[in-house]
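Fold and contact review
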Amino acid sequence: MDLIDQLRALASRIAATKDIIQTEEATKNAMIMPFIQILGYNVFDPTEVTPELIADVGTKKGEKVDYAILSDGKPIILFECKKSGGDLSINHAGQLFRYFHVTAARFGVLTNGLTYKFFTDLEQPNKMDEKPFFEFNILDFKERDVDELKKFAKSQFDVDTILTTANDLKYTRAIQNRLAEWTLNPSEEFVKILSSDLLGGKRFTPAVKDQFTVITKRAFEQLLGERINDRLKGAMTPESSPAQELVPVIPPEGIVENPIITTPEEIEGLHIIRAILRGVVSSRRIVMRDSQSYCAILLDDNNRKPVCRLRFNNTEKLAVGLFNQKREEEKFPIASLDDLYTHAEQLKATVLMHLPTEDAEKTA
């Protein structure tokens, strides 16, 4: 199985059991050890993963870090663990700070089995930063998060590669978080900056502040693609209502372009394809990504795993794009949506191409 598939499987188990896991030890066994194992490290080999690594730190003797991943006998990643759902504030990372200082490890992870906070020493050499450069939530992750996590896998681990991107990643995430905050509640200073060139010398009065705060929030809602993507995904669930199914993408003011509209026919086509593939993969793994040229149906929302393309923009001439063994698209005209069922076998074969060999054999 791919890393993302293993993480999804672990996430399903954790979602079902997290409420009954009450201790740190249970969290380690049910959540954290499987996570480390997924990254390719043998948790049962003490030369690779050492539990409760002991080191004397100054006057403190016999302190332990919960797990240390080793390479050539030296720690490369340290894990400090809290119980499921426990507080992960920096005040609870004392042992991680001390161990980071006295070992060769360049990365420390603070986790409660649900969230993993990755630290390094970007601010001062050999002193762990107070803010993580990367966070991974096992119950809420995106494909780009998995791409970052892969860098810590045994097969890809390289200190220099991670450190090269860590600084940019840290500040990119910080800016994303700030933008997300401003989307819901723009700060007065930010609204003032945005409106200063638009007021023509007028004073920034409380009334003007209130007016431009509303305008700023509305502008964010139109410009931020993340909001649009969330609404599109909501329209693609089987429980969606007709009112949710038409979702235009609104371009920034002054830019003229054709809007992307997810039509009822495309929604129905998605549901038909999910029904066809239900015996091969879970219907929730089959998702839609719309564009002006065609509506892509993907496995795991991954554009490298195309299932087919619904070419319904020309309502007078419907067509579906299917993929052969060479992953080349072949277009087939269809008279109605029911004709999608005539291509059921090729759709199943395409999905099987994207599955790991062992899973494809089980399905077959």
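Residues numbered from 1 in each chain as written. Predicted model: local features only at pLDDT ≥ 70, side-chain atom pairs only at ≥ 80, totals over all residues. Heavy atoms only, no water.

**Brief notes about the overall build of the protein**
Definition in use: Helix and strand assignments follow DSSP, with helices taken as H or I runs no shorter than four residues and strands as E runs no shorter than two, numbered in order from the N terminus. In what follows, a contact means two residues having at least one pair of non-hydrogen atoms within 4.5 Å. Residue-level accessible areas treat just the shown protein chains as cover; the underlying method is Shrake-Rupley with a 1.4 Å probe.
Scanning the protein for helices and strands turns up eleven helices and eleven strands. Of the contacts formed within the protein by residues at least 6 apart in sequence, a portion of 48% connects residues at least 24 apart. For the protein, the accessible surface area stands at approximately 20100 Å², while carbon and sulfur atoms represent 51% of it.

**Observations concerning the environment of valine 320**
Structurally, the position occupied by valine 320 is in strand E10 (residues 319-323). In sequence terms valine 320 and tyrosine 294 are 26 residues apart; their C-alpha atoms lie 9.4 Å from each other. Beyond its immediate sequence surroundings of up to four residues, valine 320 is in contact with Cys308, Arg309, Leu310, Glu330, Lys331, Phe332, Ile334, Leu340 and His343.

**Describing the nonpolar core**
For the record, the criterion: Here, nonpolar core means buried Ala, Val, Leu, Ile, Met, Phe, Trp, Tyr and Cys residues that are tied together by side-chain atoms lying within 4.5 Å of each other. Classification of residues uses two cut-offs on accessible area relative to the type maximum, computed with a 1.4 Å probe and protein chains only: under 20% is buried, over 50% is exposed, and between them is partly exposed.
Residues Leu7, Ile77 and Phe136 are the most contacted members of the largest nonpolar core, which totals 41 residues. Counting residues in hydrophobic clusters, the runner-up holds 27 residues, among them Leu270, Met288, Leu310 and Ala344.

**Examining the pattern of salt bridges**
Worth spelling out the cut-off: Think of a salt bridge as a Lys or Arg side-chain nitrogen and an Asp or Glu carboxyl oxygen that are within 4 Å of each other.
Applying the stated criterion across every chain yields a total of 20 salt bridges. For aspartate 300, the salt bridge goes to arginine 8, with nearest N and O atoms at 3.2 Å. Here the residue aspartate 300 occupies a position in the loop between strand E8 (295-299) and strand E9 (306-311), and arginine 8 occupies one in helix H1 (residues 3-17), the gap between them amounting to 292 residues. On the accessibility criterion, aspartate 300 (6% relative accessible area) is buried. For lysine 151, the salt bridge is made with glutamate 148, and the minimal N-O distance between the two is 3.0 Å. Exposure remark for lysine 151: the relative accessible area of 17% places this residue in the buried category. The exposure class of glutamate 148 is buried, given its relative accessible area of 18%. If you follow the salt bridges from partner to partner, you end up with Asp2, Asp5, Arg8, Arg285, Asp300 and Lys305 in one network.

**What about the pairing of strand E6 (residues 134-137)?**
What counts, and what does not: Pairing between two strands is assigned when DSSP locates at least 2 bridges connecting them.
Only one face of E6 is covered, namely the face carrying Phe134 and Phe136; the face carrying Glu135 and Asn137 is uncovered. The pairing of strand E5 (residues 115-119) with E6 spans four bridges and is antiparallel. Paired with phenylalanine 118 across the bridge in E6 is phenylalanine 134.

**What to know about the confidence of the model for the protein**
Short version of the rule: The predictor attaches a confidence to each residue, called pLDDT, with possible values from 0 through 100.
Mean pLDDT over the protein works out to 81, with 84% of the residues at or above the 70 mark. Per-element mean pLDDT across the protein ranges from 54 in helix H8 (residues 225-235) up to 95 in helix H2 (residues 24-38).

**What about the packing of aromatic side chains?**
Two aromatic rings, taken as a pair, are described by how far apart their centres are and by the angle between their planes. Rules: For Phe, Tyr and Trp, where Trp contributes only its six-membered ring, two rings pair if their centres lie within 6.5 Å, and the inter-plane angle classes them as stacked under 30 degrees, edge-to-face over 60, or tilted in between.
A complete count under the given rule lists nine aromatic pairs for this structure. A ring pair is formed by phenylalanine 35 and phenylalanine 136, whose centres lie 6.1 Å apart and whose planes are at 45°; its orientation type is tilted. With a gap of 101 residues between them, phenylalanine 35 in helix H2 and phenylalanine 136 in strand E6 connect regions that are remote in the sequence. Using a relative accessible area of 0% as the deciding quantity, one classes phenylalanine 35 as buried.

**Considering the sheet that holds E9**
Just so we agree on the cut-off: Angles run from 0 to 180 degrees between N-to-C directions of axes, and those axes are lines fitted to C-alpha atoms, restricted for helices to the stretch in contact.
On the basis of which strands lie adjacent, the open sheet formed by five strands has the order E7-E8-E9-E10-E11 and antiparallel pairing. Since the sheet does not close on itself, it has two edges, and those belong to strand E7 (286-290) and strand E11 (329-333), each with one partner. Ignoring which end each strand starts from, the neighbouring axes of this sheet average 25° apart. Bridge count between E7 and E8: five bridges; the pairing is antiparallel. Residue pairing in the sheet places arginine 289 in a bridge with alanine 296 of E8.

**Some points on the state of the cysteines**
Applicable threshold: Counting rule for disulfides: a pair of cysteine sulfur atoms within 2.5 Å.
Scanning the model with the defined rule gives zero disulfides in all. Unpaired in terms of disulfides, cysteine 308 finds its nearest cysteine sulfur in cysteine 295, a separation of 8.5 Å.

**A closer look at the packing of H1 against H2**
Note the cut-off: Any angle between 65 and 115 degrees counts as roughly perpendicular, while under 35 counts as roughly parallel, over 145 as roughly antiparallel, and the rest as oblique. Three categories are distinguished: nonpolar for Ala, Val, Leu, Ile, Met, Phe, Trp, Tyr, Cys and Pro, charged for Asp, Glu, Lys and Arg, and polar for the others, with Gly belonging to the last.
Direction vectors running N to C along H1 and H2 enclose 175°, while the axes themselves pass 11 Å from each other. By the angle between their directions, the pair H1 and H2 is classed as roughly antiparallel. Together, Leu3, Gln6, Leu7, Leu10, Arg13 and Ile14 of H1 and Ala30, Met31, Pro34, Phe35 and Ile38 of H2 make up the contact between the two elements. Residue composition of the contact of H1 with H2, grouped by class: nine nonpolar, one polar and one charged.

**Some words on the environment of valine 281**
When you line up the elements, valine 281 lands in the loop between helix H9 (264-277) and E7. Under the relative-accessibility criterion, valine 281 is labelled buried at 6%. Separated by 70 residues in sequence, valine 281 and valine 351 have C-alpha atoms that sit 8.3 Å apart. Setting aside residues up to four positions removed in sequence, valine 281 forms contacts with Ile286, Leu299, Val351 and Leu355.

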